[in-house]
Amino acid sequence: MLFFEKKNKDDLNRRLYRRHSIYQTTFYRMGDSANTVKNCMIHDISYGGILIELDEDIDIGTNIIVLMNFNGNILQEKVNTIRHNKSLNKKYGCEFTDDSKKEGREEILSTFFENINEKQTEIN
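For clarity, every value in this text was computed on a predicted model and none was experimentally measured.

## Some details on the overall build of the protein
When helices and strands are tallied, the protein shows two helices and six strands. Helices (α) and strands (β) of the protein occur, in sequence order from the N terminus, as α-β-β-β-β-β-β-α. Sorting the 124 residues of the protein into buried and exposed places 31% on the buried side. Of the contacts formed within the protein by residues at least 6 apart in sequence, a portion of 49% connects residues at least 24 apart.

What follows is the structure, given as structure tokens:
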């Protein structure tokens, strides 16, 4: 008798939203503090969240505010850290938490993703 059920490899790799690799230096601040703004790096983004690299260790479940610039369209988004990449650098998987900004965020990101896809098509 098996004590666990082996998951299909496709189930493990399936995500709700497609991720897009970007390397954008930007800024963040802790969700409970309005004064201290720090540098960070965004490594990828999707409609649901971002992978961000910080210079400090933070706990899973921490809320932070991230400022992002996409072709002149500025997004200031509250995100919640949901996973920590245990490599040498401090990368955190974060999900967007403000549903009231969802429509505007997705509109800006759609335009940004279309531009990425066009540039990749030109290269190929």
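## A look at the packing of aromatic side chains
Counted by the stated rule, this structure contains four aromatic pairs. Aromatic side chains Tyr-47 and Phe-113 sit 5.2 Å apart centroid to centroid with 70° between the ring planes, which places their arrangement in the edge-to-face category. In this pair, Tyr-47 sits in the loop between strand 2 (38-45) and strand 3 (49-54) while Phe-113 sits in helix 2 (residues 102-123), placing the two residues 66 residues apart along the sequence. A ring pair is formed by Phe-112 and Phe-113, whose centres lie 6.2 Å apart and whose planes are at 55°; its orientation type is tilted. For the residue pair Phe-112 and Phe-113, the accessibility class agrees, reading buried in each case.

Rules behind the numbers
Residues numbered from 1 in each chain as written. Predicted model: local features only at pLDDT ≥ 70, side-chain atom pairs only at ≥ 80, totals over all residues. Heavy atoms only, no water. Helix = DSSP H or I, 4+ residues; strand = E, 2+ residues; numbered from the N terminus. Buried < 20%, exposed > 50% of the residue type's maximum accessible area, 1.4 Å probe, protein only. Contact = heavy atoms within 4.5 Å. Phe/Tyr/Trp six-rings, centres within 6.5 Å; stacked < 30°, edge-to-face > 60°.

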